[in-house]
Amino acid sequence: PKKNELTTPDLMLEEAKALIDSLPNWKCIDTLKVPVESLEKKNVFGSGQFESLQKKIVKNPNISAVFVNVNLLRGIQRKELTTAFRVPIYDRYSIVLQIFKERAKTREAKLQVAFAEIPYLRSCLVGLQKGSKGDGRGSATIVGDGESYYDSKLHLLERRELKIKKELEKMHKKRALLKYERKKREFPVVAIVGYTNSGKTTLIKSLTGDSNMQPQDGLFATLDVTVHAFKLPCNLTVLLVDTVGFISNIPLNLIAAFKATLNDAMDADMIIHLQDASHPDKENQIAAVNDTLKQLNIDSAKPIFQVENKIDKIRPENVSASCLQISAQYGTGLEEMIELIQTKLLEVTNHKLLRLMVPSGSSEYSWLHKEATV
Ligand code: GDP
């Protein structure tokens, strides 16, 4: 855990478990607390603890990985633990990377994940001692004259990084053009952001579970976020964009790597920041989301509406009236929320809505009728 006066270790542990459990086919089967100071040391675990842990892991075939809840393990720490435990060792960076990997469907997103993986691979490489001539299993044969095994691997990694970077830059240029084209003709977009587990998926399901909703994955096939068409009472179709859940201490390189994708998703007409009103660490979660939004350069002029979810879980006397309150699960406040979306969208996108109301048959708008039936 990162030292944070406001975040108790128990909450950090809960979140670490939730991160693991959010991966399909992964389950956290045991946890262990260590003093924060020892996460800085070469040996993360004290010697007694280390040996019993080693026995436990090596003996138990159900343990296929170990997650150490720090942002990025040092190469030397990773090497020590991998050698001793004989299973892959994950840190916060590589776990979030893994979650993004699961989500990445398009070539661009896959490239972004590959790009974000480079610092992690570099930290793994540090485990190979600088100047070493290979691992004794023939790998030295691929090494050029005078170049050490470590250097040659590092060189390969740098070449890979450059190649991915160039390809991504090309894609981003193209994306900028596409974005402009799309902007002229898209439906109004409402992006839902929120800390992981705040209820974004539940909310979208509740809204689109109705017969007048058409859940729609991949309308923006180039974005690895899910998009759902939703019809407002005024008969206007809007797109609800479900973004990846935010977490605190999200590694900076990961934000950077996904900036283009997230920016596109956030290029919405309005943003709803969904919050778990019942969470004991609510304030920190809100701050983490606001922080990430800032790092994504979300235009401060863009309307962001705070909505508190899970109010069914809090006592009536603790319900504050500072923003709209809902229960995505039980449907409380959803009508008011739809009303808010409609009113605010009409305010901010007036010009666009007028265009969307052009009668069918006009060739310039034929795309609308095609996409509206998707
Ligand atoms: P996401 O990570 O933001 O997409 O969150 P999910 O929609 O997956 O919800 C996380 C958990 O919160 C799930 O177990 C939901 O059942 C629960 N949840 C979501 N909305 C509510 C709510 O309004 N009330 C209660 N009690 N639980 C909720």
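Nothing here was measured: the structure is a model prediction, and the numbers come from that model.

Engineer: Pulling in residues and values, what's your account of the side chain of Gln-285?
Structural biologist: Following the sequence through the fold, Gln-285 ends up in helix 9 (residues 282–295). Note on Gln-285: relative accessible area 9%, which makes it buried. Within polar-contact distance, the side chain of Gln-285 engages the side chain of His-279 at 3.4 Å. Discounting residues that sit within four places of it in the chain, Gln-285 has contacts with Tyr-195, Asp-276 and His-279.

Engineer: How would you explain the pattern of salt bridges if you had to name every residue and give the values?
Structural biologist: In this structure the tally under the stated criterion is seven salt bridges. In this structure, Glu-167 and Arg-107 form a salt bridge, with 2.6 Å as the shortest nitrogen-oxygen distance. With Glu-167 in helix 6 (residues 149–183) and Arg-107 in helix 5 (residues 107–125), the pair connects residues that are 60 residues apart, well separated along the chain. With a shortest N-O distance of 4.0 Å, Glu-347 and Lys-344 are connected by a salt bridge. In this pair, Glu-347 and Lys-344 both sit in helix 10 (residues 334–348), three residues apart, roughly one turn of the helix.

Engineer: Can you break down the confidence of the model for the protein residue by residue, with the values?
Structural biologist: Chain-level statistics for the protein give a pLDDT mean of 74 and a share of 68% at 70 or above. Taken as a whole, residues 1–6 scores under 50 in pLDDT and shows ten contacts with residues more than four places along the chain or in a different chain. Confidence over residues 357–374 falls short of pLDDT 50; this stretch has 15 contacts with residues more than four positions distant or in other chains.

Engineer: Got a sec to walk through the pairing of strand 6 (residues 237–242)? Specific residues and values, please.
Structural biologist: Burial runs high along strand 6: six of the six residues are buried. Of the two faces of strand 6, the one holding Thr-237, Leu-239 and Val-241 and the one holding Val-238, Leu-240 and Asp-242 are both buried throughout. With four bridges connecting them, strand 3 (residues 189–194) and strand 6 associate as parallel partners. Opposite Val-190, over in strand 6, you have Leu-240 as the bridge partner.

Engineer: Could you give me a rundown of the layout of surface pockets, with the residues and numbers involved?
Structural biologist: A volume near 960 Å³ is recorded for the largest pocket. As for the largest pocket, its lining consists of 36 residues, and the residues nearest its centre are Asp-30, Thr-31, Leu-32, Val-66 and Phe-67. Broken down by element, the residue count for the lining of the largest pocket peaks at six residues, all from helix 1 (residues 9–21). Of the residues in the lining of the largest pocket, the class split is 24 nonpolar, seven polar and five charged.

Engineer: I'd love a proper account of helix 5, names of residues and values included.
Structural biologist: The terminal C-alpha atoms of helix 5, which comprises 19 residues, lie 26 Å apart, in line with the 27 Å expected from a rise of 1.5 Å per residue. The largest bend along helix 5 reaches roughly 35° and is located at Ile-118, with the proline Pro-119 sitting one to four residues downstream.

Engineer: Provide a residue-level description of the site of the ligand, including the pertinent values.
Structural biologist: Asn-197, Lys-200, Thr-201, Thr-202 and Asp-312 are the nearest of the 15 residues found near the ligand. At 3.2 Å from an oxygen atom of the ligand is found a main-chain nitrogen or oxygen belonging to Ser-198. In the environment of the ligand, an oxygen atom lies 3.1 Å from a nitrogen or oxygen atom belonging to the side chain of Ser-327. Computed on the free molecule, the ligand has an accessible area of 580 Å², of which 74% lies beneath the protein chains in the complex. Top element by residues in the shell around the ligand is helix 7 (residues 200–208). It accounts for three residues. Partitioning the shell around the ligand into residue classes produces two nonpolar, nine polar and four charged.

Engineer: I'd like a rundown of the nonpolar core, residues and numbers included.
Structural biologist: Formed by 22 residues in total, the largest nonpolar core has its most connected members in Leu-203, Leu-232, Ile-272, Ile-326 and Ile-341. Elements with a minimum of two residues in this core: strand 3, helix 7, strand 6, strand 7 (270–276), strand 8 (304–309) and helix 10. The residues touching Ile-272, leaving out its near neighbours within four places in the chain, are Val-190, Ala-191, Ile-192, Val-193, Phe-305, Val-307, Met-337 and Ile-341. The next biggest cluster of nonpolar side chains, apart from the first, holds 16 residues, and it includes Val-44, Leu-53, Ile-63 and Val-70.

Quick notes on the rules
Residues numbered from 1 in each chain as written. Predicted model: local features only at pLDDT ≥ 70, side-chain atom pairs only at ≥ 80, totals over all residues. Heavy atoms only, no water. Helix = DSSP H or I, 4+ residues; strand = E, 2+ residues; numbered from the N terminus. Buried < 20%, exposed > 50% of the residue type's maximum accessible area, 1.4 Å probe, protein only. Polar contact = N/O pair within 3.5 Å; in protein donor to acceptor, adjacent residues only side chain to side chain. Contact = heavy atoms within 4.5 Å. Salt bridge = Lys/Arg side-chain N within 4 Å of Asp/Glu carboxyl O. pLDDT = per-residue confidence, 0-100. Pairing = 2+ DSSP bridges. 1 Å grid on protein atoms, 1.4 Å probe; cavity = no way out; pocket = protein on both sides within 12 Å on 5 of 7 lines; lining within 4 Å. Points joined across faces, edges and corners; volume = space filled by probe spheres on them. Nonpolar A, V, L, I, M, F, W, Y, C, P; charged D, E, K, R; others polar. Expected span 1.5 Å × (residues − 1). Bend = angle between axes of the 7 residues up to and from the residue. Near = heavy atom within 4 Å. Areas by Shrake-Rupley, 256 points an atom, 1.4 Å probe, with all protein chains shown as cover. Core = buried A, V, L, I, M, F, W, Y, C linked by side-chain atoms within 4.5 Å.

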